[in-house]
Amino acid sequence: MSASPVAARIALAALLLAVPAAVAAPAEAAPPAADCPWYQGAPPSSLNPYSSTDYAAGSAPIRVGPYDACTAVSTKPSGTAITVNCYVTNSYGNTWSYVRGSGWVYDGNLRNGGSPHPCRF
């Protein structure tokens, strides 16, 4: 009869040891939020009424945020005119111009360096 409580303790210990591994697996599979840390919405047009035309200097992806890790929503081919409104500087020191209604384009992908106007929020 004394073997039964020992067996129960062993089974409980095995279960407790297995739980952290099962919990950790989904967290490892999910991409970290830092991949696209942009959480601020689009710059309001009332505060950023500017627009200027620049041109894609090669393939120019338009992304949901001003980071290369953010999802591309479209790509403009080399030479395509792109209307930009304002720019932000991301945490890496790179500037990105906002394309109203579309997203963000890295200023290094534009012939003239993107918008000259900092975005106001």
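Look up a bit, the structure's there.
Conventions and cut-offs
- Residues numbered from 1 in each chain as written.
- Predicted model: local features only at pLDDT ≥ 70, side-chain atom pairs only at ≥ 80, totals over all residues.
- Heavy atoms only, no water.
- Phe/Tyr/Trp six-rings, centres within 6.5 Å; stacked < 30°, edge-to-face > 60°.
- Helix = DSSP H or I, 4+ residues; strand = E, 2+ residues; numbered from the N terminus.
- Buried < 20%, exposed > 50% of the residue type's maximum accessible area, 1.4 Å probe, protein only.
- Core = buried A, V, L, I, M, F, W, Y, C linked by side-chain atoms within 4.5 Å.
- Contact = heavy atoms within 4.5 Å.

Q: It is not clear to me how the packing of aromatic side chains should be interpreted in this structure. Could you clarify?
A: The description of an aromatic ring pair uses the distance of the two centres, along with the angle that the planes make with each other. The final tally for this structure, using the stated rule, is three aromatic pairs. Judged by centre distance (5.5 Å) and plane angle (50°), the ring pair of Trp96 and Tyr106 falls under tilted. On the criterion of sequence distance, the pair formed by Trp96 in strand S6 (residues 95-99) and Tyr106 in strand S7 (residues 103-106) is long-range, its members being 10 residues apart. Residue classification places Trp96 among the buried residues on the basis of a relative accessible area of 3%. Under the relative-accessibility criterion, Tyr106 is labelled partly exposed at 30%.

Q: How should the nonpolar core be read in this particular structure?
A: A general trend in soluble globular proteins is that nonpolar side chains are found buried together. Among the nonpolar cores identified, the biggest contains eight residues, and these are Ala56, Ala60, Ile62, Ile82, Val84, Val99, Val105 and Leu110. Once residues lying within four places of it in the same chain are set aside, the contact partners of Val99 are Ile62, Ile82, Thr83, Val84, Asn85 and Val105. Counting six residues, the second-largest nonpolar core is a separate cluster that includes Cys86, Trp96, Tyr98 and Cys119.

Q: Please clarify how the environment of Cys119 should be interpreted in this entry.
A: Mapped onto the fold, Cys119 is located in the segment after S7. Separated by 34 residues in sequence, Cys119 and Asn85 have C-alpha atoms that sit 8.0 Å apart. When residues no more than four places from it in sequence are discounted, the contact partners of Cys119 are Pro43, Asn48, Cys86, Tyr87, Val88 and Trp104.

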